[in-house]
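Letter by letter, the chains look like this.
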Amino acid sequence: MKKLLSLILIFAMTFCACVSFAEEGPDTKVTPAFSLSMTLPEGYTATETWPDPYVVNVMLENEDPSKPLIGVQISYEDIYSDVTFSRDVWENEEIQNHAASLAYDVETEQYDEYFTRDTGLGTVIMIIHEADYTRMLTIWHGYMVTLFAADKAENGGAVPVSDETLEVIMKFLTDMDISKVIVENAV
């Protein structure tokens, strides 16, 4: 629960910081370096914050408090520009090294266990169930996608996502479209 709350607070603080910087004046407006198109799960709204032209944080919220909490961060990373997690290259040593680096937990100094699922378009998603949330990771054409989600427990706490919620998230990830065009000099 502490990790999930920390992650939600990080997203919220980033959002607040971006809003406060945006209110300072037109000089601080960030021009995104890529575009993002999403088909939201039923009942959800999305709030995007761009702390940097190459990073977007998306909070998916639902008016129904019993619905899962979902947060996504997408960033373009030059070092991953030629990397895409797809089933046809998944066993490649370089791809496995990238996957291992994403599964490394700096707190425990160990590699988290994960399993994989493919989106409807063939992108491999790494899925890590933590104590009170689920973390999902992938790299697609240099874009690193990290998604955090948690279902609500009967006692009001957070738990890793159920198979049903996982299906909703996999559809969301399948339908998400990130432009491959990076805007030059986006500042």
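Please refer to the structure placed before this passage.
Here the residue numbers are simple positions, counted from 1 along each chain's written sequence. A pLDDT threshold of at least 70 governs which residues receive local features in this predicted model, and a stricter bar of 80 or more applies before side-chain atom pairs are shown or counted, although totals over entire chains, interfaces and linings include all residues. Each side-chain value is derived from all of the structure's non-hydrogen atoms; neither hydrogens nor water enter the calculation.

*Asks:* Any chance you could explain the overall build of the protein chain here in plain terms?
*Replies:* When its secondary structure is counted, the protein chain shows 3 helices and 12 strands. Per-residue burial over the protein chain gives 42% buried out of 187 residues. Taking contacts inside the protein chain between residues at least 6 apart in sequence as the whole, the part at least 24 apart equals 53%. Looking at the protein chain as shown, the accessible area adds up to about 10700 Å², and 53% of this sits on carbon and sulfur atoms. A run of H or I in DSSP counts as a helix once it spans at least four residues, and a run of E counts as a strand once it spans at least two, with each numbered from the N terminus. Buried, partly exposed and exposed residues are distinguished by accessible area as a fraction of the type maximum, computed with a 1.4 Å probe on protein chains only: under 20%, between the cut-offs, and over 50%, respectively. Any two residues whose heavy atoms approach within 4.5 Å are treated as being in contact. Each accessible area is a Shrake-Rupley result for a 1.4 Å probe, and residues are judged covered by the shown protein chains and nothing else.

*Asks:* I would appreciate a short explanation of the nonpolar core in the present structure.
*Replies:* What tends to happen in soluble globular proteins is that the nonpolar side chains get buried as a cluster. Grouped together as the largest cluster of nonpolar side chains are 26 residues, with contacts concentrated most on Ile-74, Met-136, Leu-147 and Leu-173. With 5 residues, helix H3 (residues 163–175) is the largest single contributor of residues to this core. Beyond its immediate chain neighbours, meaning those up to four positions away, Ile-74 contacts Phe-34, Leu-36, Tyr-54, Val-55, Val-56, Tyr-143, Met-144, Val-145, Met-176 and Ile-178. With 14 residues, the next largest nonpolar core counts Leu-102, Met-126, Leu-137 and Met-144 among its residues. Working definition of a nonpolar core: buried Ala, Val, Leu, Ile, Met, Phe, Trp, Tyr and Cys residues. They are joined through side-chain atoms within 4.5 Å.

*Asks:* Honestly, H3 in this entry has me stumped. Any pointers?
*Replies:* Note on helix geometry: an α-helix contains 3.6 residues per turn, so any two residues three or four positions apart are oriented the same way. The terminal C-alpha atoms of H3 lie 18 Å apart, and with 13 residues this matches the ideal 18 Å at 1.5 Å per residue to within 8%. Residues Thr-165, Leu-166, Ile-169, Met-170, Phe-172, Leu-173 and Thr-174 constitute the buried set of H3. Looking at the buried positions of H3, the neighbouring elements they touch are strand S3 (55–62), strand S4 (69–76), strand S7 (115–118), strand S8 (124–129), strand S9 (134–140) and strand S10 (143–152). Multiplying one less than the number of residues by 1.5 Å gives the expected span of a helix.

*Asks:* What's the story with the environment of Ala-153 in this structure? I'm lost.
*Replies:* As for its position among the elements, Ala-153 is in the loop between S10 and strand S11 (158–159). Between the C-alpha atom of Ala-153 and that of Asp-132, which follows or precedes it by 21 residues, the distance is 9.4 Å.

*Asks:* Any chance you could explain the pairing of S7 here in plain terms?
*Replies:* Regular strands place side chains that alternate from one sheet face to the opposite one. Strand pairing requires that DSSP identify at least two bridges connecting the strands. Note: S7 against S8, 4 bridges, orientation antiparallel. For Phe-115, the partnering residue across the bridge sits in S8 and is Ile-127.

*Asks:* When you look at the pattern of salt bridges in this model, what are you seeing that I'm missing?
*Replies:* The working definition used for a salt bridge is a side-chain nitrogen of Lys or Arg within 4 Å of a carboxyl oxygen of Asp or Glu. Applying the stated rule across the entire model yields 5 salt bridges. Two residues, Asp-118 and Arg-87, come together in a salt bridge whose shortest N-O distance is 2.6 Å. One end of the pair, Asp-118, is in strand S7; the other, Arg-87, is in the loop between S4 and helix H2 (93–103), and 31 residues separate them in sequence. We classify Arg-87 as partly exposed; its relative accessible area is 39%. Connected through shared salt-bridge partners, Asp-112, Glu-130 and Arg-135 make up one network.

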